[in-house]
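# Structural overview for review
Listed below, chain by chain, are the residues.
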Amino acid sequence: MLHGRRILLIISGGIAAYKGLDLIRRLKERGASVRCVLTAGAQQFITPLSAAALSGEKAYTDLFSLTDESEMGHLRLAQESDLLVVAPASADLLAKMAGGLADDLASTALLATDKPILVAPAMNFRMWGHAATQANLATLAARGVKRIGPNSGPLAENESGMGRMAEPLEIVAAVEAIFAGAAALTGKRALVTSGPTHEPIDPVRYIANRSSGKQGHAIAAALVQLGADCTLVSGPTEEPDPPGVKVVQVTTAREMLAACETALPVDIAVCAAAVADWRTEGTDAKLKKKEGTIPSLTLVENPDILARLSQAGDRRPKLVVGFAAETENVVANAQAKRVRKNCDWILANDVSPATGVFGGDQNTIHLVDAQGTEDWPSLTKRDVGERLAQRIAAFFKAEKST
Ligand code: CTP
């Protein structure tokens, strides 16, 4: 399945462009989200409207369209994808890729990406056999571009031979194989906490915080994409459930702890929730205003879920990762927190109001472990999730080889 995978489908010119439309449907059936770019050649065979209708997203055509650039620049188009699929890939587009040309939106997106690329060539058999095309394919293969097909069979203009685009289902299988190759956490169980907790004061009021749950949810999504079996214990958030993740909704810190303990044993625990440190003793009756008196709340300490998981004895996850939301001395405080809570890694972030981290989409992380600190650049929360998942995969790989 391709849940949560973002595919940029580039459709170039050729009669096989109509199969590109079928490919959109097949990829979406498997849970992928698909954005399409149509070259000028492709638009001789199919319309952006059909691609948009099938993908459920705007179809992109023009490098210099102001609307397209303001909504979605070519760099973002490529970067906000997990894989670029070129189907059909014409001889002309393959040549542009090999030569590093960037004179339209498709070739520019292909040059401006560091994401994996899969091409499904389609062309006349003489073009396929031409030394130029074969040299271009060799160049692309040496750069790591993956290829599916072409097949041999009937071609346009009553000809037949090598050059028929692979069938959409074959392309889907190749896409799945690319992602499966990246499934470094298959067989690993993960637990992620996310969002705030709400601690009731009375039946209508509660103590809460500004956590959006974006970071925790993105981490769960990234772990599943690497093949982990992931449970996400989430406080109240607006975030949609990440596809393929088991989500347990909770409200209070104590409910969150109970849900985490139920999820054990796991190999990986990532505590990204902004758990309320304190709760009130609470009351079943609504507090009423009384002239001249201001109620005072008596706070009691909540369990520290990260510390509990880190000290769970023989049920301790192999790798326990916490966050440190700091406003000053970010790294030094995080180092102290790591030791105090007995976890393996702390992802420290500056949550001062000026950074906009709480509720925002960007995050700047310092990963603190027993060896030192790794400073990450400012990334989207989704990219932080993916980088952390890769880092976790590398941890287990290193472990296996020692
Ligand atoms: N955490 C937790 N349970 C709590 C409090 C915090 O699991 N009751 C986890 C958070 O999910 C995070 C880490 O502990 O991974 C750090 O939380 P943070 O609020 O930054 O630190 P605190 O321990 O609350 O310390 P302080 O507020 O003093 O900085």
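### Focus: the environment of Ala 138
Along the chain, the position of Ala 138 falls in helix 8 (residues 131–142). Note: C-alpha distance between Ala 138 and Pro 243 (105 residues apart in sequence) is 37 Å.

### Description of the domain arrangement of the protein
How big an interface is tends to be stated in terms of the accessible area lost upon association of its parts. Domain annotation for the protein reports domain 1 (6–181) and domain 2 (189–401). Inter-centroid distance (C-alpha atoms) of domain 1 to domain 2 is 40 Å.

### Overview of the nonpolar core
Nonpolar side chains tend toward joint burial in soluble globular proteins. By size, the foremost hydrophobic cluster in this structure holds 33 residues, and its most contacted members are Leu 9, Leu 27, Val 85, Ile 171 and Val 175. Within the second largest apolar cluster, 31 residues are counted, among which are Leu 319, Phe 323, Leu 347 and Leu 367.

### Re the site of the ligand
Lining the immediate surroundings of the ligand are 14 residues, of which Cys 271, Ala 273, Leu 306, Phe 323 and Lys 341 lie closest. In this structure, an oxygen atom belonging to the ligand sits 2.8 Å away from a side-chain N or O atom of Lys 337. Contact with the protein chains hides 78% of the accessible area of the ligand, taken as 570 Å² for the molecule alone. Of all elements in the fold, only helix 12 (305–310), strand 17 (319–326) and helix 13 (330–341) reach the threshold of two or more residues within the shell around the ligand. A per-element tally of the shell around the ligand places strand 17 first, with four residues.

### Concerning the state of the cysteines
Applying the stated criterion to the full structure yields zero disulfides. Its sulfur unpaired, Cys 260 is 6.2 Å from the next cysteine sulfur, which belongs to Cys 271. Judged by its relative accessible area of 9%, Cys 271 is buried.

### Side note on the packing of aromatic side chains
Taken as a whole, this structure holds two aromatic pairs when the rule is applied. Arranged with centres 5.9 Å apart and planes meeting at 90 degrees, the rings of Trp 345 and Phe 395 form a pair that is edge-to-face. In this pair, Trp 345 sits in strand 18 (residues 345–350) while Phe 395 sits in helix 14 (residues 381–401), placing the two residues 50 residues apart along the sequence. What makes Trp 345 buried here is its relative accessible area of 5%. The class of Phe 395 is partly exposed, set by a relative accessible area of 23%. Through successive ring pairs, a cluster of aromatic residues spans Trp 345, Phe 395 and Phe 396. Over the aromatic face of Tyr 60 sits the side chain of Lys 58, whose NZ or CZ is 5.5 Å from the ring centroid. Looking at Arg 391, its charged tip hangs above the ring of Trp 345, at a distance of 4.8 Å from the centre.

Thresholds applied
- Residues numbered from 1 in each chain as written.
- Predicted model: local features only at pLDDT ≥ 70, side-chain atom pairs only at ≥ 80, totals over all residues.
- Heavy atoms only, no water.
- Helix = DSSP H or I, 4+ residues; strand = E, 2+ residues; numbered from the N terminus.
- Domains from an automatic or database assignment.
- Core = buried A, V, L, I, M, F, W, Y, C linked by side-chain atoms within 4.5 Å.
- Buried < 20%, exposed > 50% of the residue type's maximum accessible area, 1.4 Å probe, protein only.
- Near = heavy atom within 4 Å.
- Polar contact = N/O pair within 3.5 Å; in protein donor to acceptor, adjacent residues only side chain to side chain.
- Areas by Shrake-Rupley, 256 points an atom, 1.4 Å probe, with all protein chains shown as cover.
- Disulfide = S-S within 2.5 Å.
- Phe/Tyr/Trp six-rings, centres within 6.5 Å; stacked < 30°, edge-to-face > 60°.
- Lys NZ or Arg CZ within 6 Å of the ring centre and 35° of its normal.

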